[in-house]
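Each chain, written out:
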Amino acid sequence: MELQQMRYVVAVAELENFTRAAKKCLVVQSALSHQIARLEKELGARLFDRTSRQVRLTAAGEAFLPAARQALDAAERARAEVTAAAGEISGRLGIGAIPTLSAVDIPATLREFHLRHPKVRIDLREGASKDLVQEVQDGTLDVAFLGVLPSYRPKGVRDRELGRGELAAVVAPGHPLADESQVDLERLARETFVDYPAGTAARAQSDEAFEASGLTREVAFEVSGTDFIVRLVRSGLVVALLPAAFAAELTGLTVLPVRNAPARTERLVWSRFRPTPAAAAFLAGLDIGDDELCPKTS
């Protein structure tokens, strides 16, 4: 069993296509297919069900895939540790972030990190806070930037608070509230809302504020993307509550301070295990010291 064979299996599983997987792996399809067939023979089980229209993992393939990914990650980390010992940081850095992050300028931070460590491959993905925490726990991401309730403490990871703020009401310029200097939750409760899906950390910030005030509101539109929320607000159909610092940068909308506004906290989370050299270097750039990187042992 070879690492290259595992790379081929992972590529086919992700793309569900032998031709695209071969292109991604920079190898001819016949060579990729041959290596996977060799691996299947060695394992004594087929990893993929192949038809003329689709390629899917078998039960054996589903069982093999996580271990293959772990082996590839371990091999990449081993190479990164060796280059770090020689004074050069390399490897992969997986970063997750909510779309409304304001405590850290992600583009500027990544640019500075890339200039210092050009051999690190940066993978950035946007997502919901709860999902990002899970990916850090799973090792899919090295670090993640969250937006959560002030009382929220993520489990299974290390974390630091980056900043606190409030939500603001966002309405279209022609909305009846657009001429107000500020608004309260009672007035907003009479409006129709667009918000993130129920159960998400971003939605909980608003829900808990209305519930604490004994108010109910109508959330007629539930969407995952912040851009879509902004587009719906611009249409004049709905209003929204968005982080004030983020909302202030939006154009073509009216942003209103809210009395008794929902509060939010932005947090940075990272693995509770020893970080990779690339992750350690990134966290150091955010002033995370060695004593914070991983739990102390006695």
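Thresholds applied
Residues numbered from 1 in each chain as written. Predicted model: local features only at pLDDT ≥ 70, side-chain atom pairs only at ≥ 80, totals over all residues. Heavy atoms only, no water. Helix = DSSP H or I, 4+ residues; strand = E, 2+ residues; numbered from the N terminus. Buried < 20%, exposed > 50% of the residue type's maximum accessible area, 1.4 Å probe, protein only. Contact = heavy atoms within 4.5 Å. Areas by Shrake-Rupley, 256 points an atom, 1.4 Å probe, with all protein chains shown as cover. Lys, Arg positive; Asp, Glu negative; His and termini not counted. Charge placed at Lys NZ, Arg CZ, Asp CG, Glu CD. Salt bridge = Lys/Arg side-chain N within 4 Å of Asp/Glu carboxyl O. Phe/Tyr/Trp six-rings, centres within 6.5 Å; stacked < 30°, edge-to-face > 60°. Core = buried A, V, L, I, M, F, W, Y, C linked by side-chain atoms within 4.5 Å. Pairing = 2+ DSSP bridges. Right-handed = clockwise from strand over helix to strand, strands pointing away.

Novice: If you had to explain the overall build of the protein chain to someone new, which residues and values would you point to?
Specialist: The helix and strand inventory of the protein chain stands at 12 helices and 13 strands. Referenced to the eigenvectors of the C-alpha coordinate spread, the extents of the protein chain come out at roughly 70 × 50 × 35 Å. Relative to its 298 residues, the protein chain shows a buried fraction of 44%. Put simply, 70% of the contacts in the protein chain that link residues at least 6 apart link residues at least 24 apart. Total accessible area computed for the protein chain in this model is approximately 15900 Å², and 50% of it derives from carbon and sulfur atoms. The average position of the 37 basic charges and that of the 40 acidic charges among the side chains of the protein chain differ by 6 Å.

Novice: Account for the pattern of salt bridges, with residues named and values stated.
Specialist: Scanning all chains against the criterion turns up 17 salt bridges. Residues R125 and E135 are paired through a salt bridge, measuring 2.5 Å at the closest nitrogen-oxygen approach. Highlighted residues: R125 in strand β4 (residues 120-126) and E135 in helix α6 (residues 129-138), separated in sequence by 10 residues. Residue R125 is classed as partly exposed on the basis of its relative accessible area of 32%.

Novice: I'd love a proper account of the packing of aromatic side chains, names of residues and values included.
Specialist: For the structure shown, the criterion picks out 4 aromatic pairs. When the centroid spacing of 5.6 Å and the interplanar angle of 75 degrees are considered together, the rings of F113 and F282 count as edge-to-face. One end of the pair, F113, is in helix α5 (residues 106-116); the other, F282, is in helix α11 (residues 277-285), and 169 residues separate them in sequence. F282 carries the same exposure label as F113, and that label is buried.

Novice: Report on the nonpolar core, specifying residues and quantitative values.
Specialist: Core analysis: the largest hydrophobic core is formed by 33 residues, its most contacted members being L93, F145, L268 and F282. Those elements giving two or more residues to this core turn out to be β3 (91-97), α5, α6, β5 (143-148), β13 (263-271) and α11. Setting aside residues up to four positions removed in sequence, L268 forms contacts with V143, A144, F145, R158, D159, R160, L162, L283, L286 and I288.

Novice: Any chance you could break down the pairing of strand β8 (residues 192-195) for me, citing the residues and the numbers?
Specialist: With 4 bridges connecting them, β8 and strand β9 (residues 218-222) associate as parallel partners. Opposite T192, over in β9, you have E218 as the bridge partner. In the classification by handedness, the crossover that spans β8, the intervening helix α8 (residues 201-212) and the parallel β9 is right-handed.

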